[in-house]
Amino acid sequence: MEVHAVGRTAPHLNGLKGDFDPIAIVRAEPLPPVVAAENGVHGNDDKGNGGAKQKEIVLGRNVHTACLEVTEPDADDHFTGDKDAYMAGVLARYRNNLLERTKHHLGYPYNLDFDYGALSQLQHFSINNLGDPFIESNYGVHSRQFEVGVLDWFARLWEIERDEYWGYITNCGTEGNLHGILMGREVFPDGILYASRESHYSVFKAARMYRMECVKVDCLTSGEIDCSDLKKQLLANKDKPAILNVNIGTTVKGAVDDLDLVIKTLEENGFPQDRFYIHCDGALFGLMMPFVKRAPKVSFKKPIGSVSVSGHKFVGCPMPCGVQLTRMSHIKVLSSNVEYLASRDATIMGSRNGHAPIFLWYTLNKKGYKGFQKEVQKCLRNAHYLKDKLRDAGISAMLNELSSTVVFERPHDEEFVRRWQLACQGNIAHVVVMPNVTIEKLDGFLEELAEKRKLWYKGSGGDGVAPSPPCVAVDIGSENCDCGLHK
């Protein structure tokens with residue numbers, strides 16, 4: 001974003017007097033450069049694309065071209081107040097930009113509908129839950145009592161007794177995956193990690209970090225793991241234990257892996273419960289599924305090893321965080337006493353944001369199970385509304401069962417993609433319908449998309465020169481594709 005204040009030529013203190021206007025003109029961000037896609041970068045890897053040319057990847061802009069410079073205060077600044085006035089103006093413009101970008105936010109799974117004004121009184125404290133959440137350290141400014149209360153709530157949700165689980169509030173969803181997969185590696189040091197091609201990139205990051213052998217398993221068109229291919233891969237490696245990442249909602253298509261079928265596939269092919277470890281990545285849908293009627297259960301009553309969810313997604317915590325739960329019997333291999341802390345530590349990061357547990361505790365108390373159930377139903381209802389409206393408009397679209405992620409043909413114009421902050425992969429994009437996404441917001445998006453498509457595809461299908469809507473049958477199935485070939 002290029003920011004220009006009226007009457008100013010550079011973001012320095014010179015010229016602040018008289019001509020400084022805290023209400024700046026915010027110009028449109030320049031479009032980022034395009035780079036060639038590498039094989040396998042789009043989740044489908046090199047399979048199933050019918051030899052079609054891969055979509056080029058558009059990278060975000062280089063922030064260094066528009067960063068906010070840190071400057072030294074002038075010697076007399078405590079008299080003039082120029083620096084304070086400059087920073088106040090920058091923050092005012094930044095807030096206006098956040099308001100504008102929030103209005104056009106559809107592609108990423110963040111619940112932006114929250115009000116934590118009651119917690120502002122705590123922002124003056126450096127709250128750090130370093131070490132084990134269940135054992136106090138010598139650092140007294142912590143929020144462990146809130147953290148353990150939140151963990152107990154999730155333990156009830158995922159059906160494990162208080163004395164049988166261990167967990168902590170992480171700094172993000174990726175940390176939950178890193179911890180869960182590390183847990184599997186510690187239980188089975190020679191195990192092989194199996195994950196579907198549609199798994200979040202953090203799963204494959206974990207494999208690289210821990211130098212684990214990793215097998216990518218094919219997916220169904222829906223994005224769900226293909227258990228027939230899983231069977232083939234397991235049989236090819238019967239001599240080594242299996243560590244599995246099971247997706248409770250894939251990143252792009254919102255597909256839910258069939259946990260019961262995965263367990264059945266393991267047990268029927270020579271992997272009893274003492275030879276496999278399952279980590280469930282429930283980043284978004286791990287908290288939504290328990291409130292969906294007839295949805296399969298994610299439960300520690302089944303032979304799973306760990307579950308993680310993000311706290312800044314469906315819950316709506318304003319800072320990235322997550323929840324990771326595992327079995328107490330597993331954690332002993334990771335835990336070690338730390339004299340410096342007067343505590344134990346089996347976490348990834350050590351120091352942890354002590355504010356995040358308070359935000360989670362506050363929301364869980366305000367909404368409760370019934371409140372979350374109501375929000376889940378609203379999201380699913382609005383997702384079906386969006387999918388139906390897209391199909392009625394002749395736009396290719398798909399919505400998986402149990403999901404609020406609507407997948408559709410990628411818009412032709414990258415400026416439109418950036419305006420609505422859509423997440424794209426190859427020829428498809430998606431909207432994640434969260435509690436803050438209203439019917440009115442969806443109608444505005446649909447209206448703008450319909451108008452833009454008239455310009456993008458004007459005259460398409462005639463002389464073959466004008467672009468046509470992409471065929472996305474390989475991505476979402478021919479029954480959901482509305483291109484000229486499948487219409």
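This is a predicted model, so every value here is computed, not measured.

Asks: What is the right way to look at the pattern of salt bridges in this model?
Replies: Close approach of charged atoms allows side chains of opposite charge to pair. Within the structure shown, the criterion is met by 16 salt bridges. Linking K387 and D388 is a salt bridge whose minimum nitrogen-to-oxygen distance equals 3.3 Å. Residue classification places D388 among the partly exposed residues on the basis of a relative accessible area of 36%.

Asks: Please clarify how the packing of helix α3 (residues 144-157) against helix α9 (residues 355-392) should be interpreted in this entry.
Replies: The description of two packed helices rests on the angle between their axes and on the distance between the axes. Running from amino to carboxyl end, α3 crosses α9 at an angle of 30°, the nearest separation of the two axes being 8 Å. Our classification of the angle between α3 and α9 gives roughly parallel. At the point where α3 passes α9, the crossing takes the left-handed sense. Two secondary-structure elements touch here, α3 through F146, E147, V150, W153, F154, R156 and L157 and α9 through P357, I358, L360, W361, L364, Y369 and F372. Of the residues in the contact of α3 with α9, the class split is 12 nonpolar, no polar and 2 charged.

Asks: Whenever I open this one, the sheet that holds strand β17 (residues 428-432) confuses me. Can you help?
Replies: Paired through their backbone hydrogen bonds, the strands of a sheet run either parallel or antiparallel. If you walk across this open sheet you meet the 4 strands as β14-β15-β17-β16, and the pairing is antiparallel. Two strands close off the open sheet at either side, each with one partner strand: β14 (397-399) and β16 (423-425). The mean angle between the axes of side-by-side strands here comes to 25°, regardless of whether they run parallel or antiparallel. By the bridge criterion, 3 bridges tie β14 to strand β15 (residues 405-409) in an arrangement that is antiparallel. Residue pairing across strands places L399 opposite V406, the latter belonging to β15. Seen against the sheet, α9 touches β14, β15 and β17 and runs at an angle of roughly 160° to β14.

Asks: Quick question: what am I supposed to make of the packing of aromatic side chains here?
Replies: How two aromatic rings sit relative to each other is set out by the distance from centre to centre and by the angle between their planes. Scanning the model with the defined rule gives 18 aromatic pairs in all. On the numbers, 4.9 Å between centres and 15° between planes, the contact of W153 with Y369 is stacked. Taken together, the positions of W153 in helix α3 and Y369 in helix α9 put the pair 216 residues apart, joining distant regions of the chain. For W153, a relative accessible area of 7% puts it in the buried group.

Asks: Explain the UniProt feature "modified residue: N6-(pyridoxal phosphate)lysine" (unreviewed entry) in the protein here, please?
Replies: According to UniProt, the feature "modified residue: N6-(pyridoxal phosphate)lysine" (unreviewed entry) maps to K313 in the numbering used here. By the secondary structure assignment, K313 is in the loop between β10 (306-310) and β11 (322-327). K313 has contacts with P109, Y110, N111, A283, L284 and M434, leaving out every residue within four places of it along the chain.

Asks: Any chance you could explain the pairing of strand β8 (residues 242-247) here in plain terms?
Replies: Buried residues dominate β8, accounting for 6 of its 6 residues. What you see with β8 is no split at all: A242, L244 and V246 on one side and I243, N245 and N247 on the other are buried throughout. For β8 and strand β9 (residues 276-281), the ladder comprises 6 bridges, and the chain directions are parallel. Its bridge partner being in β9, I243 is matched across the sheet by Y277. For the crossover that starts at β8, traverses helix α7 (residues 259-268) and ends in the parallel β9, the hand is right-handed.

Asks: What exactly am I supposed to notice about a nonpolar patch on the surface here?
Replies: Together, Y108, Y110, L112 and F114 make up a nonpolar patch on the protein surface, roughly 330 Å² of accessible area in all. Here L112 shows up in the loop between α2 (82-103) and α3.

Asks: Would you mind showing me how to read the pairing of β10 here?
Replies: A regular strand carries its side chains on alternate faces of the sheet. Among the 5 residues of β10, 5 are classified as buried, and the element is accordingly described as predominantly covered. Burial along β10 is two-sided: S306, S308 and S310 and V307 and V309, pointing in opposite directions, are all buried. Where β10 lies against β11, 5 bridges are found, and the strand directions are antiparallel. Bridge pairing in β11 places S308 opposite Q324.

Asks: Can you help me understand the sheet that holds β9 in this one?
Replies: In spatial order, the strands read β5-β11-β10-β9-β8-β6-β7; together these 7 strands make up an open sheet with mixed pairing. Looking at strand neighbours, the two that pair on one side only are β5 (165-170) and β7 (214-217), the edges of this open sheet. Within the sheet, the average angular offset between the axes of one strand and its neighbour, ignoring direction, is 15°. Here β5 runs beside β11; their pairing, made up of 6 bridges, is antiparallel. Within the sheet, the bridge partner assigned to T170 lies in β11 and is G322. Sheet contacts for α3: β5, β10 and β11; angle to β5, the most-contacted strand, approximately 120°.

Asks: Quick question: what am I supposed to make of the environment of K374 here?
Replies: Mapped onto the elements of the fold, K374 is located in helix α9. Since its relative accessible area comes to 61%, K374 is described here as exposed. For the pair K374 and F291, spaced 83 residues apart in the sequence, the C-alpha separation amounts to 8.5 Å.

Thresholds, definitions, all that
- Starting from 1, residues in each chain are numbered consecutively following that chain's sequence as written.
- In view of the model being predicted, local features appear only for residues whose pLDDT reaches at least 70, and side-chain atom pairs are presented and counted only at 80 or more, with totals across whole chains, interfaces and linings using the full set of residues.
- In computing side-chain properties, one takes all heavy atoms of the structure into account and sets aside hydrogens as well as water.
- Salt bridges are identified by distance alone: a Lys or Arg side-chain nitrogen within 4 Å of an Asp or Glu carboxyl oxygen.
- We call a residue buried when its accessible area falls under 20% of the maximum for its residue type, exposed when it is over 50%, and partly exposed in between, using a 1.4 Å probe and counting protein chains only.
- Axis lines are fitted through C-alpha atoms, for helices just across the contact stretch, and the angle between N-to-C directions can take any value from 0 to 180 degrees.
- Every helix listed is a DSSP run of H or I at least four residues long, and every strand listed is a run of E at least two residues long, numbered separately from the N terminus.
- Any angle that falls under 35 degrees is termed roughly parallel, while one over 145 is termed roughly antiparallel, one within 65 to 115 roughly perpendicular, and all others oblique.
- Here a crossing is taken to be left-handed if its near helix is turned anticlockwise relative to the far helix by less than a right angle, and right-handed if that turn runs clockwise.
- When checking whether two residues touch, look at their non-hydrogen atoms; a contact exists if any pair is within 4.5 Å.
- Three classes are used: nonpolar for Ala, Val, Leu, Ile, Met, Phe, Trp, Tyr, Cys and Pro, charged for Asp, Glu, Lys and Arg, and polar for all others, with Gly counted as polar.
- The pairing criterion is simple: DSSP has to find at least two bridges between the two strands.
- Here a Phe, Tyr or Trp ring, Trp counted by its six-membered ring, pairs with any other such ring whose centre lies within 6.5 Å, and the pair is stacked when the planes are under 30 degrees apart, edge-to-face when over 60, and tilted otherwise.
- UniProt positions are given in the numbering used here, feature names are shortened, and annotations may be inferred rather than shown by experiment.
- The path from the first strand over the helix to the second decides the hand: if it runs clockwise while the strands point away from the viewer, the crossover is right-handed.
- Like-charged residues within 9 Å of one another, or nonpolar side chains (Val, Leu, Ile, Met, Phe, Trp, Tyr) within 5 Å, are grouped into patches, provided each residue has over 30% relative accessible area and no salt bridge.
- Note that accessible areas follow from Shrake-Rupley with a 1.4 Å probe, and for residues the cover is restricted to the protein chains shown.

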